[in-house]
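Notes for the structure review
Chain by chain, the residues:
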Amino acid sequence: MEDHHHSETSSATGSISQPDLDVNFNAAIYSTLKQKIHDRSFVVAAQLAQLCYLTWRWYYFLITPSTLYVSLPFIIAETMIVLGGSFITYFLVWNQCKRPKLRLVDLKLERRELPTVDVMIPCYNEPVEIVRQTTLAALAMDYPKEKLAVIVCDDGNSSAMRALIAQLRADMGGSKATLRYIARKKIPGVPHHAKAGNINNALMNEGTSGDFIVIFDCDMICRPEYLQCVLPHFYKLEADALVVDERIAMVQTPQAFVNVPEDDPLGQQYRYFYGPVLHGWDAVDSTPCCGTNVTFSRKALLSVGGFTYGSITEDFLTSMTLHSHGFKTKYIHEYLAKGLSPESVHDFMKQRFRWAAGGLEIFVRNNALFKRGLSPTQKFLYFWAGFNTCLSIPMVYLIYCPIIYLLGQSRVQIATFDTIEYFVFFLPYMFLQLCCMRISYRDVPSIYLRRSLQESVFMLFCYARAVITVVVGFKLGFKVTSKDAEASEFRKSFNWCIPYVIYYFLGSMSLGFGVLNMYRAFQAPDHSPKSMAAVAVSLFWIVFIMWQMWPPIGYLLRCLDPSPQVEKASPTLGSSSGASSTPAPAGAVGVLPAAAHVSV
């Protein structure tokens, strides 16, 4: 392998001043004053409209008779969802920043001053060829090879993987880079802690010593300039000299996927999360770890005991541990590595279920509100990541309320109020919420706004399942055994779609009853336009919710098409204990938008 040459420029005085660099390492790029005034005006207006709507809803609930056992849970659930929307209006519109792009070569450090780097590639029974490509890409990074070590951490102890590394090492020729293979010993009956244990073993027990630790999932192919772009963000100017900022524990970069098209129905490129969401977290120096494409300070990571155990999303929990010890983290919005995403509804849902369950484990066992060392803002952010998933339970109830109303209209009164007033209070609130969402999606392709509106509903059943599994402790699951692999995969995917099919069935019945009732009411000589409008509102919400639920069904049907859609890849990547990554805090990718509220 060719040893890439790293530019080497020494300073005559041994120090470097701010004007020489023309970079403020401690700064972030915030919006202009004019843009802040524009965006925050919408936030304030949206919050006022939200307050007016909720006040009106509770007033009519208290003065108007209704079927209490249905209407009381309805208004409580609606209030929780509406108030929960404050997260998106504050952190994703009000509070935004972006880091400047820095390059290591511009720091003018001498070659001997550059830090050593350990690149760890955790794996567990993934295809050897996938790991081979990731390893070669890591070895080819533009960095002095004598300071670079690439370590394949094989939790499966595979002989084929061991042979691969031996062959690659033999092919390296005169390269000064270090390539290692580590397979930890697992004692039966002793917890192994999956990926967290795998990395901690390499970090603490195998003689690794890099100043910085880079972690790539085994399918993530990094670009040669990865270290050139990331390492400068760990430095600061102190007394006209460049030094490593020991308060910076981690720098996270986004993920991208080569097998997912831009118009993917499931939105698996996560452009919104790796944009406004992380810019909002980064504005308070609290970027969470997403498991891959991430660089740690070894000193900072070891000071908290390595990766924190206690959750299947160990990366997210480790972030909270670092922040509770006073460390800062950064997010760099540069796409520096690409990998593979699940290619079936089953694998997609299983992955998202794991993220949601992991976030809930942290919410239940390590609640941020009681975590010492976190700032009030960090407590809210980490609390919200778990609590947002819990909102799936009341949200499931909300989406069924229009069906309950239409199928039991003569006996069930959920929310009896003047329909005209409903439009007067609800429409301004909804319009301003959508404006805030549109502002937060300013730098994201518009298709992701639609995907987010849909995701806020089609992920509900997955999140609700996670809540029941983690909080209640009741495990749900469908086990399918089939000799036909493709048929088995389809059946497993279809199992995740059963809740959508049930809703479509009941929703279609409700639409039929609703249209029939409107026709009969219109034919009656004493028909009431207001009652017809109330039915029309319910019909609208059912149709809108059906549209929101369509992507998983459409994706499943698309997979039945024999014509190729995207380049095929292993659907299990990222789902094993050796290489699971978390691109989002549970519930934060598809924050429940106001557009999903149901009012009848």
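Refer to the structure presented above.
Anyway, here's the lowdown on the structure attached to this text. (Residues numbered from 1 in each chain as written. Predicted model: local features only at pLDDT ≥ 70, side-chain atom pairs only at ≥ 80, totals over all residues. Heavy atoms only, no water.)

Turning to the overall build of the protein, a few remarks are in order. A count of helical and extended segments in the protein gives 19 helices and 12 strands. Put simply, the protein has 600 residues, and 56% of those count as buried. Counting only contacts in the protein whose residues sit at least 6 apart along the sequence, the fraction spanning at least 24 positions is 84%. Roughly 24,800 Å² of accessible area belongs to the protein as shown, and the carbon and sulfur atoms make up 60% of that amount. (Helix = DSSP H or I, 4+ residues; strand = E, 2+ residues; numbered from the N terminus. Buried < 20%, exposed > 50% of the residue type's maximum accessible area, 1.4 Å probe, protein only. Contact = heavy atoms within 4.5 Å. Areas by Shrake-Rupley, 256 points an atom, 1.4 Å probe, with all protein chains shown as cover.)

All right, on to helix α17 (residues 460-472) then. Under the 1.5 Å per step criterion, the end-to-end length of α17 is 17 Å for 13 residues, consistent within 8% with the ideal 18 Å. Listed in full, the buried residues belonging to α17 are Leu460, Phe461, Cys462, Tyr463, Ala464, Arg465, Ala466, Val467 and Thr469. (Expected span 1.5 Å × (residues − 1).)

Moving on to the pattern of salt bridges. Considering all chains together, one arrives at 18 salt bridges under this definition. A salt bridge links Arg352 to Glu455; its shortest N-O distance comes to 2.6 Å. With a gap of 103 residues between them, Arg352 in helix α12 (residues 345-365) and Glu455 in helix α16 (residues 447-458) connect regions that are remote in the sequence. For the pair shown, Arg352 and Glu455 are each scored as buried. When salt bridges with common partners are traced through the structure, they connect Arg99, Asp282 and Asp285 into a single cluster. (Salt bridge = Lys/Arg side-chain N within 4 Å of Asp/Glu carboxyl O.)

The pairing of strands in a sheet happens through backbone hydrogen bonds and is either parallel or antiparallel. On the basis of which strands lie adjacent, the open sheet formed by 7 strands has the order β3-β2-β1-β4-β10-β8-β11 and mixed pairing. Of all strands in the sheet, those with a lone pairing partner are β3 (178-182) and β11 (328-331), marking the two edges. Across the sheet, the mean angle separating the axes of adjacent strands is 20 degrees when strand polarity is ignored. When strand β8 (residues 248-252) meets β11, the two strands line up parallel, connected through 4 bridges. (Pairing = 2+ DSSP bridges. Axes fitted to C-alpha atoms, helices over the stretch in contact; angles between N-to-C directions.)

So, about a nonpolar patch on the surface. There is a patch of nonpolar side chains on the surface, built from Phe490, Phe494, Val501, Trp550, Leu557 and Leu560 and spanning about 530 Å² of accessible area. Secondary structure elements with two or more residues in the nonpolar patch: α18 (485-523) and α19 (529-559). Note on placement: Val501 falls in helix α18. (Patch = residues over 30% accessible without salt bridge, like charges linked within 9 Å, V, L, I, M, F, W, Y side chains within 5 Å.)

To continue, consider the packing of helix α11 (residues 314-324) against helix α13 (residues 376-390). Where α11 meets α13, the closest approach of the two axes is 11 Å, and the angle between their N-to-C directions is 165 degrees. On the basis of the axis angle, α11 is roughly antiparallel to α13. Relative to α13, α11 is oriented so that their crossing is left-handed. In this structure, α11 uses Phe316, Ser319, Met320 and His323 to contact α13, whose residues at the interface are Gln378, Tyr382 and Ala385. Of the residues assigned to the contact of α11 with α13, the class counts are 4 nonpolar, 3 polar and no charged. (Parallel < 35°, antiparallel > 145°, perpendicular 65-115°, else oblique. Left-handed = near helix turned anticlockwise from the far one by under 90°. Nonpolar A, V, L, I, M, F, W, Y, C, P; charged D, E, K, R; others polar.)

The next subject is the sheet that holds strand β12 (residues 337-339). Here we have 3 strands laid out as an open sheet, ordered β5-β12-β9, and mixed in their pairing. Looking at which strands have only one partner, the edges of the open sheet turn out to be β5 (221-222) and β9 (256-257). Note: β5 against β12, 2 bridges, orientation antiparallel. Each bridged residue has a counterpart across the sheet, and for Cys222 the counterpart in β12 is Ala337.

Take the nonpolar core next. Counting 127 residues, the largest nonpolar core has Val117, Val119, Tyr226, Leu227, Met349 and Tyr503 as the members making the most contacts within it. Leaving out residues up to four positions away in the same chain, Met349 has contacts with Phe458, Met459, Cys462, Trp496, Tyr500 and Pro552. Counting residues in hydrophobic clusters, the runner-up holds 21 residues, among them Ile215, Met250, Cys289 and Leu322. (Core = buried A, V, L, I, M, F, W, Y, C linked by side-chain atoms within 4.5 Å.)

Before going further, it helps to spend a moment on the packing of helix α3 (residues 68-84) against helix α14 (residues 392-407). Put simply, α3 and α14 touch, their axes get as near as 9 Å, and they point 130 degrees apart. When the interaxial angle is binned, α3 and α14 end up oblique. When you trace α3 past α14, the crossing you get is left-handed. Where α3 abuts α14, its residues Val70, Pro73, Phe74, Ala77, Glu78, Met80 and Ile81 lie against Pro394, Met395, Tyr397, Leu398, Cys401 and Ile404. Of the residues belonging to the contact of α3 with α14, the class tally is 12 nonpolar, no polar and 1 charged.

Most of α11 sits out of view: 11 of its 11 residues are buried. Turning to α11, its buried residues are Glu314, Asp315, Phe316, Leu317, Thr318, Ser319, Met320, Thr321, Leu322, His323 and Ser324. Gly326 sits one or two residues past α11 and shows a positive phi near 90 degrees.

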